[in-house]
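Survey of secondary and tertiary structure
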Amino acid sequence: MKFKSRNFDQASNVLEITGLTVRLTGNDKADPVLDAVSLKIRQGETVCLVGESGSGKSVTSLSIMGLLPKGVLAATGGHIELEGRNLLELNAQAMRDMRARKISMIFQEPMTALNPVLRVGEQIGEVLDTHTKLPAREKKARVLDIMNQVHLPDVERIYRSYPHQLSGGQRQRIMIAMALILEPQLLIADEPTTALDVTTQKQILSLIAELQEKHGTAVLFITHDMGVVAEIADTVHVMKLGRIVEHAPVETLLRAPKQDYTRQLLQSVPSLSPRAPRAMPEGQTVLAVEGLQKVYGAHGVFSRREPTRAANDVRFSIPRGRTLGIVGESGSGKSTVARCIMRLIDPTEGEIRVAGKEIATLTRRQLRPYRRHIQIVFQDPFRSLNPRWTIGRSLIEGPLNIGEDKQAALARAADLLTLVGLPDDAVHRYPHQFSGGQRQRVAIARAIAMEPDVLVADEAVSALDVSVQAQVLDLLDELQQKLGIAILFITHDLRVAAQICDEVLVMQHGHVVEHGTAAEVLSNPQHAYTRALIEAAPGRSWDFANFKELQGA
Amino acid sequence: MLGYILRRILAVIPVMAIVAVFVFLLLRLTPGDPAAIIAGDAATPAQLERIRTSLGLSDPLHVQFFTWAKLLFQGDLGTSLISSTPVTQMIGQRIWPTINIALMTIVLSVLLAVPMGVLAAWRHRTWVDYVVMGFSVLGFSIPVFVIGYLFILAFSIELRWLPVQGYVAPSQDFGKFLARAILPCLTLATIYVALIARMTRASMLEVLGEDYIRTARAKGVKETVVLFHHALRNAAVPIMTIIGTGFALLIGGVVVTESVFNIPGIGRLTVDAILARDYPVIQGMILLTSAIYVFINLLVDLSYTFFDPRIRY
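All values derive from a computational prediction rather than experimental measurement.

**What to know about the overall build of chain A**
Tallying secondary structure elements over chain A gives 20 helices and 22 strands in all. For 553 residues, the compact-globule formula gives about 24 Å, and the C-alpha radius of gyration of chain A, at 25 Å, lands near that figure. Each of the three principal axes of chain A carries a C-alpha extent, and together these read 70 × 60 × 50 Å. Within the span of chain A, comprising 553 residues, buried residues form 46% of the whole. Expressed as a percentage of contacts within chain A between residues at least 6 apart in sequence, the contacts between residues at least 24 apart total 70%.

Here it is as structure tokens:
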């Protein structure tokens, strides 16, 4: 692993935050959201701010931009100094004047961060409209120039495009172009690659590095991904509950973290070295998929589009007690496969055998008795539980549907909650009373309440913080040992796949490009795409949990 | 885009055909003898017979329908039973006051309501918001005729600024038209201002929470630009829907206002026709109002694609 090791002692300060305190408006008794945060960023430096959700990373960045939500949060103390002026004391007009000229910001989700009804060229041009008085032709030339600098193809066409006509990577390039067109001293990047695929992430990270080099921009990079930190940071600040608990140059922090919290955070990062496949169990095959195909848009009177093959000749089988991972980037067809198997959508062709029964062609009614054999846990625990239902009601809905007695189902629901590590009185509570990790435990309990043979986990840990992710992965492992469930684990994250899967299947454009044990696929990839995926995984040669280089890398 | 507009216009045909069938059946399916209903209680058998022949009531139903539909295609909606004038001519004379009033009302409502709604959303949970919402509740709750008479009392009788009632065509004398139309329009506008302001506020509140609003602010864009350029266009679809429905309702729903302000529009024409059981006129009015509804819906649908480039049908 090669870390950045430039020395910034001579570089001048771009931004200096001292003792920044942010509180909930009108509530001086509650703990502050930011508690005396201090950090400085020097010219050309990349400072990473890491921490779990709720640690105050984004609040810090919004404070710098003067964009704290009015009436909700307010800075009550400290300084944010840029070019000798305290940003906290600027009036609205003066603060607006700083934005995009001195400090710019790019956001996590490039789809929602761009205005969907305005052409992207116009959105970049608006920065110039706001801060300069360039004539129209010069303005357009400037916009096209910055679009070229962020390596967008066919800039004239993209200039006239709307955000939805671009890919995720292109949208983020547009955001970067917008942020850097006036060459600000400071770029704040708030999880700018979290919503992107690994290969796109790699490109965006190197683009930011390239432009930073070229313009000498200081970067405040907010992320929860330690891999990204290892790749790009000069200095790292670790945040927890509104405080900066530790800061150090990147290599020092990753090799010799001082604080317990930092160690704990690093130890939760799943390792890229795959688990050894467990012995092939005696048990029978519980899920077998053969020649599965899903084609979208094949018919339709008015459709002129080519049909899309979202899944093509997918085949695999899972025996009891084993875990098969399907990995791939967005659009690879992994979720299509999961939904076909659940029969949430109908496969175009192929066989799906669950518990020995072919279910691919059953009608909805015929399917009902087989639903219990295969259950799913979705990605976002905030949206997959009905917010108006108690946990108990969500848990017993399935069992009641297959004719279980209500009292028995409720009693079992309480047991299940204990099993997934929640208090059994949670049956009477509502989803909003739980954290994301707890909700995902509820979702798992809901799935296993049906005593399924197969559990489909569709990006089930992707929305969780690393430490919570580690706990949920442990829980799945434990449940598998206790109950002997087979797990089909859909993920884009190779680290997670390496942790939990016995076998891995790599998908690209609807095709299975590689299939083997996790050890084979991840340590000795055969297909070029698999290799590209692994190479794009940030910080892949660092063993975070053990604070050293990965053995054999 | 062109294909979509064409398809959308073609889709109007079956809708209007179904409406036509219903309108046709309206008279024929009324319980009892239509001729007797039309002629009234004191009619002689000879009079009844005359009415039957004149309406072609003795023919089989489908023959009657095709005769009627053929005339309809030629723009002939029949003749009023009371005044013996062609229905198209009656409607032609009465429609312009209604359309003028409705247009002016909706323009007035939009000009007042949209900024009110935007302002309320921008200053969410402040006194501005509460005042706008308070007005909105009032606008909903006071009946149209009460507002109408209150306006007359205040502006015409007490202050003597405006004439009490009547109507002058804008082509004749625009000043006099305005002087007479302003009170009815304000009266009618009250409820639509309330409705549109509410919808604008709700839609804007949702949009103002979006990430791209934060992006716009991060660019240093002025608040007015954020509100009217970035947010309002994204919030436009539900607002347009309400405006469209509002306008369509206005055409059909101005009866009370036309009575209060003595405006010779189609609202009063309809009421008179219903009271006199003038079936051809009633049929014509139903056809006309349905056509207006369908047409406005078409315009609203087309406006969606203008506001939101992602909408492609």
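**Re the overall build of chain B**
The secondary structure content of chain B amounts to 14 helices and zero strands. Overall, chain B shows an N-to-C arrangement of helices and strands of α-α-α-α-α-α-α-α-α-α-α-α-α-α. By its C-alpha atoms, chain B is 80 × 55 × 35 Å across when sized along the principal axes. The buried share among the 313 residues of chain B stands at 33%. When contacts within chain B are restricted to residue pairs at least 6 apart in sequence, long-range pairs at least 24 apart make up 72% of them.

**Some words on the interface of chain A and chain B**
With 23 residues of chain A in contact, the opposing surface of chain B contributes 19 residues. Looking at which element gives the most residues to the side of chain A that touches chain B, the answer is helix H4 (residues 120-131) of chain A, with four residues.

**Structural notes on the pairing of strand S4 (residues 73-82) of chain A**
Residue and element names in this part refer to chain A. As paired elements, strand S1 (residues 13-24) and S4 share eight bridges and run antiparallel to each other. Bridge assignment links Glu16 to a residue of S4, and that residue is Glu81. Alignment of S4 against strand S5 (residues 85-86), held across two bridges, turns out to be antiparallel. Counterpart to Leu82 in the pairing with S5 is Arg85. The loop that links S4 with its antiparallel partner S5 comprises two residues; one of these, Glu83, has a positive phi angle of about 50°.

**Some words on the confidence of the model for chain B**
All names here are of chain B. On average, chain B scores 86 in pLDDT, and the residues at 70 or more come to 97%. Ranking the elements of chain B by mean pLDDT puts helix H3 (residues 34-39) last, at 71, and helix H10 (residues 211-218) first, at 94. Note on the complex model: pTM 0.85, ipTM 0.84.

**Some points on the UniProt feature "domain: ABC transporter" (unreviewed entry) in chain A**
Mapped onto the present numbering, the UniProt feature "domain: ABC transporter" (unreviewed entry) falls at residues 15-266 and 287-534 of chain A. Overall, residues 15-266 of chain A shows 40% helix and 25% strand. The separation of its end C-alpha atoms is 28 Å.

**Observations regarding the sheet that holds strand S15 (residues 357-358) of chain A**
All names here are of chain A. Taken in spatial order, the four strands of this open sheet run S12-S11-S14-S15, and their pairing is antiparallel. Two strands lie at the open edges of the sheet, namely strand S12 (308-319) and S15, each paired on one side alone. Across five bridges, the pairing between strand S11 (residues 285-296) and strand S14 (residues 349-354) is antiparallel. For Ala288, the partnering residue across the bridge sits in S14 and is Arg353.

**A few points about the domain arrangement of chain A**
Looking at the assigned domains, one finds that chain A contains domain 1 (1-102 + 218-266) and domain 2 (321-342 + 365-549). Of all elements in the fold, only helix H9 (226-232), helix H10 (250-255) and helix H11 (260-268) of chain A reach the threshold of two or more residues within the side of domain 1 of chain A that touches domain 2 of chain A.

**Some details on the UniProt feature "transmembrane region" (unreviewed entry) in chain B**
Residue and element names in this part refer to chain B. According to UniProt, the "transmembrane region" (unreviewed entry) feature falls on residues 9-27, 99-122, 134-157, 177-197, 237-261 and 281-307. Segment residues 134-157 splits into 92% helix and 0% strand. End C-alpha atoms: 28 Å apart. As annotated, residues 281-307 has a helix share of 100% and a strand share of 0%, and its two end C-alpha atoms lie 39 Å apart.

**Thoughts on unusual backbone geometry**
Residue and element names in this part refer to chain A. At Ala36, a position not held by glycine, the phi torsion is positive, near 50°. With respect to the helices and strands, Ala36 occurs in strand S2 (residues 34-42). Despite not being glycine, His509 has its phi angle at roughly 45°, a positive value. Here His509 shows up in the loop between strand S19 (503-508) and strand S20 (511-517).

**Considerations on the nonpolar core**
If you look at the biggest cluster of nonpolar residues, it comprises 211 residues, and the most contacted ones within it are A:Ala177, A:Val454, A:Leu488 and B:Ile196. Of all the elements, helix H9 (residues 174-208) of chain B adds the most residues to this core, at 15 residues. Apart from residues no more than four positions distant in its own chain, A:Val454 is found in contact with A:Val286, A:Leu287, A:Ile318, A:Val354, A:His373, A:Ile374, A:Ile485, A:Ala486 and A:Leu488. Judged by nonpolar contacts, the second largest core, of eight residues, contains B:Met90, B:Ala273, B:Val281 and B:Met285.

**Thoughts on the domain arrangement of chain B**
Residue and element names in this part refer to chain B. For chain B, the domain assignment lists domain 1 (2-73) and domain 2 (87-307). Counting residues at the interface gives 13 residues for domain 1 and 11 residues for domain 2. With eight residues, the single largest contributor to the side of domain 1 that touches domain 2 is helix H2 (residues 12-28). Classifying every residue of the side of domain 1 that touches domain 2 by side-chain character gives 12 nonpolar, no polar and one charged.

**Considering the sheet that holds strand S7 (residues 186-190) of chain A**
Residues and elements named next belong to chain A. Read across the sheet, six strands follow the order S6-S7-S8-S3-S9-S10 without closing on themselves; strand pairing throughout is mixed. Each having just a single partner strand, strand S6 (103-106) and strand S10 (243-249) make up the two edges of the open sheet. Mean inter-strand twist for the sheet, computed between neighbouring axes without regard to direction, equals 20°. In this structure, strand S3 (residues 46-50) lies alongside strand S9 (residues 235-240), joined through four bridges in parallel fashion.

**As for the environment of A:Val513**
Residue and element names in this part refer to chain A. You can see Val513 is positioned in strand S20. Between the C-alpha atom of Val513 and that of His527, which follows or precedes it by 14 residues, the distance is 6.7 Å. Excluding anything up to four places from it in sequence, Val513 contacts Val506, Met507, Gln508, His527, Tyr529 and Thr530.

**What to know about the packing of H4(A) against helix H7 (residues 168-180) of chain A**
Residue and element names in this part refer to chain A. Two numbers describe how H4 lies on H7: the axes approach to 8 Å, and their chain directions differ by 20°. Overall, the two elements H4 and H7 adopt an arrangement that is roughly parallel. Here H4 and H7 pass one another in a crossing that is right-handed. For the pair H4 and H7, the contacting residues are Val120, Gln123, Ile124 and Val127 in the first and Ile174, Ala177 and Met178 in the second. Here the contact of H4 with H7 is composed, by residue class, of six nonpolar, one polar and no charged.

Conventions used here
- Residues numbered from 1 in each chain as written.
- Chains lettered and ligands numbered in written order.
- Predicted model: local features only at pLDDT ≥ 70, side-chain atom pairs only at ≥ 80, totals over all residues.
- Helix = DSSP H or I, 4+ residues; strand = E, 2+ residues; numbered from the N terminus.
- Rg over C-alpha atoms; globule rule 2.2 N^0.38 Å.
- Buried ≥ 20, exposed ≤ 12 C-beta atoms within 10 Å, placed from the backbone.
- Contact = placed C-beta atoms within 7 Å.
- Pairing = 2+ DSSP bridges.
- pLDDT = per-residue confidence, 0-100.
- UniProt positions renumbered as here; feature names shortened; annotations may be inferred.
- Domains from an automatic or database assignment.
- Core = buried A, V, L, I, M, F, W, Y, C linked by C-beta atoms within 7 Å.
- Nonpolar A, V, L, I, M, F, W, Y, C, P; charged D, E, K, R; others polar.
- Axes fitted to C-alpha atoms, helices over the stretch in contact; angles between N-to-C directions.
- Parallel < 35°, antiparallel > 145°, perpendicular 65-115°, else oblique.
- Left-handed = near helix turned anticlockwise from the far one by under 90°.

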